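# Examination of the molecular architecture
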Amino acid sequence: METDLNKILSSTSGNDAALNQKSVAGTGMDDEGRKELESQWARVCDRLRKEIGDKAFKTWFGEVEPGESKAGKVRLYAPTRFVRDWVSRHYGDRVLAYWHAVDPEVASVEVNLVPPPAPRRANEIIAMPPVPAAQNYQQPMPRLGPAIGRGGEEIFQGPEARYTFANFVVGKPNEFAYAAARNIAEQDKPLPERNPLYIFGGVGLGKTHLMHAIWHVIRERDPKTRVLYLTAESFVNRFITALRTKNTGQFKELFRNVDVLMVDDVQFICGKEATQDEFFFTFNSLVEQNKQIVLSSEKPPSELQDIEERMRSRLGSGLVADIHSSTYELRLSILQTKAENARVPVPIGVLEFLAHKISTNIRELEGALNRVVAHGQLIGREITVEMAQDVLHDLLRQADRKVTVDEIQQRVAAHYNIKLAEMSSPRRARSVARPRQVAMYLAKQLTTLSLPQIGKRFGNRDHTTVMHAVRKIEELKVSDVSIAEDVELLKRQLQG
Ligand code: ADP
Ligand code: MG
């Protein structure tokens with residue numbers, strides 16, 4: 001049995017080391033021992049499948065592999081911690097009993113996390129499932145089921161086909177969010193302490209993907225479960241329409257019979273008071289009925305602006321899981337997974353180049369690979385690093401242009417005609433405090449530094465000071481045209 005990890009390793013690197021490593025779970029057992037172990041495992045699986053049904057079997061044992069068998073002790077490998085724990089806790093006894101029936105010498109079965117393969121940089125991957133071969137790179141995202149709703153709002157009747165857990169590449173930055181999402185998807189009943197599940201992270205890092213993945217699992221388990229997925233924007237639009245047409249009853253009806261409610265990008269309801277009240281109400285009534293709620297947002301509850309305190313605490317009252325910005329390793333794994341299904345081979349050097357150069361988000365990364373592959377395929381051009389550089393020159397120029405805090409401080413100080421040292425001075429006079437706030441705002445916008453990191457660079461200020469500055473400038477941009485112009489101009493100069 002070849003694991004997904006190996007499939008990727010052998011197909012992308014194609015070298016001997018990868019081919020020799022026939023199985024991740026391989027432990028130096030001889031061929032015969034391995035064959036015997038696998039045939040025993042197959043028999044155990046048969047019985048398990050009969051007992052727990054195809055669906056549950058696929059969910060829990062689909063990716064579990066036999067590792068080794070020694071002195072009556074069998075070791076299985078699970079693809080994730082979550083599956084490992086679940087299988088041991090819920091099926092441990094049965095697996096042992098069945099195995100014992102097949103081979104009376106077996107006295108214990110232990111489930112471990114699949115060990116990461118030694119070669120390459122894939123070491124941070126926990127599970128790297130294949131993407132269905134049917135995917136190709138020219139197609140726009142297929143939507144399963146027509147969107148209903150008027151006026152361009154979308155309420156999907158089914159999840160996006162390719163947004164499954166199997167297609168989600170797991171690495172350190174998203175490991176927790178992935179485990180949390182799976183946990184919510186696979187639980188029988190919502191646990192109050194995990195309701196709502198609130199996933200947050202930057203743009204294009206996989207929040208929507210995880211929400212749809214939850215949806216897939218729930219649907220597969222019980223197609224009758226009523227899942228309502230909508231964007232916060234759609235929630236707001238629908239609510240406003242309902243108010244305007246005096247039809248709030250119908251709006252409320254939409255949520256009445258829902259079993260699972262998913263609202264994507266909830267930061268969108270910030271600053272919209274009446275909608276927030278309605279959302280709060282909907283939310284509470286579903287939680288009271290013990291219905292699961294899943295939310296996504298670009299920010300943690302604590303950083304949402306213009307939101308009532310009761311709402312903030314409600315949002316953060318369940319399981320809050322963040323997705324960090326991607327690492328090189330994760331980006332490379334994602335590219336490897338996606339490249340595997342491209343119609344033309346993409347050399348590993350090109351993937352490494354892309355993973356290195358395009359660090360903003362996964363969506364852009366996917367887009368870059370798609371473009372390279374499309375060029376290779378349609379024009380029949382050989383895919384090389386030079387070719388990728390050529391095809392992606394606009395994207396890469398942007399990526400190369402990294403703005404630093406030093407540059408921001410210099411530009412802003414020059415613009416407002418103040419000393420550079422005022423950027424870190426404790427002085428609070430408006431004439432220096434406002435430019436400092438602008439610089440902090442730009443640092444947040446144009447760099448990937450965190451609030452505490454930015455604070456440090458501005459005279460060791462606290463992250464709350466930076467947050468305040470960011471909010472202040474965002475407000476002023478709306479109310480004060482000259483600030484808005486200053487910010488735009490500086491931004492353009494810095495990025496130019
Ligand atoms: P978000 O909702 O956070 O803005 P999306 O869920 O829309 O981001 O993800 C953007 C794109 O990147 C999607 O096509 C998604 O499938 C892909 N993507 C993001 N993270 C991963 C991952 N870990 N593995 C595979 N694809 C990913
Ligand atoms: Mg999204």
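Everything in this summary refers to the structure shown in the same document.

Procedures and definitions
- Residues numbered from 1 in each chain as written.
- Chains lettered and ligands numbered in written order.
- Predicted model: local features only at pLDDT ≥ 70, side-chain atom pairs only at ≥ 80, totals over all residues.
- Heavy atoms only, no water.
- Patch = residues over 30% accessible without salt bridge, like charges linked within 9 Å, V, L, I, M, F, W, Y side chains within 5 Å.
- Areas by Shrake-Rupley, 256 points an atom, 1.4 Å probe, with all protein chains shown as cover.
- Salt bridge = Lys/Arg side-chain N within 4 Å of Asp/Glu carboxyl O.
- Lys, Arg positive; Asp, Glu negative; His and termini not counted.
- Charge placed at Lys NZ, Arg CZ, Asp CG, Glu CD.
- Helix = DSSP H or I, 4+ residues; strand = E, 2+ residues; numbered from the N terminus.
- Pairing = 2+ DSSP bridges.
- Axes fitted to C-alpha atoms, helices over the stretch in contact; angles between N-to-C directions.
- Contact = heavy atoms within 4.5 Å.
- Parallel < 35°, antiparallel > 145°, perpendicular 65-115°, else oblique.
- Left-handed = near helix turned anticlockwise from the far one by under 90°.
- Nonpolar A, V, L, I, M, F, W, Y, C, P; charged D, E, K, R; others polar.

Moving on to a negative patch on the surface. Judged by side-chain charge, Asp-30, Asp-31, Glu-32 and Glu-36 come together as a negatively charged surface patch. Of note, Asp-30 is situated in the loop between helix 2 (16-20) and helix 3 (31-52).

Glancing now at the sheet that holds strand 7 (residues 292-297). Whether parallel or antiparallel, the strands of a sheet pair through hydrogen bonds between backbone atoms. Spatially, the 5 strands line up as an open sheet ordered 5-6-7-4-8, and their pairing is parallel. Each edge of the open sheet is held by one strand with a lone partner, namely strand 5 (227-231) and strand 8 (319-323). Each strand axis lies, on average, 15° off the axis of its neighbour in the sheet, ignoring direction. Here 4 bridges tie strand 4 (residues 197-201) to strand 7, and the two strands are oriented parallel to one another. Directly across from Leu-197, in strand 7, lies its bridge partner Val-294. Contacts between helix 6 (residues 175-186) and the sheet are confined to strand 4, strand 7 and strand 8, with strand 8 contributing the most and set at about 140° to the helix. Running over the sheet, helix 8 (residues 232-244) touches strand 5 and strand 6 (260-264) and is turned about 90° from strand 5.

Working note: a packed helix pair is described by the angle between its axes plus the distance between those axes. Viewed as axis vectors pointing N to C, helix 3 and helix 4 (residues 54-61) meet at an angle of 130°, and their least axial separation amounts to 7 Å. Classified by the angle their axes make, helix 3 and helix 4 are oblique. You can see that helix 3 and helix 4 cross each other, and the crossing is right-handed. Seen from helix 3, the contacting residues are Trp-41, Cys-45, Leu-48, Arg-49 and Ile-52; seen from helix 4, they are Asp-54, Ala-56, Phe-57 and Phe-61. When its residues are assigned to classes, the contact of helix 3 with helix 4 shows 7 nonpolar, no polar and 2 charged.

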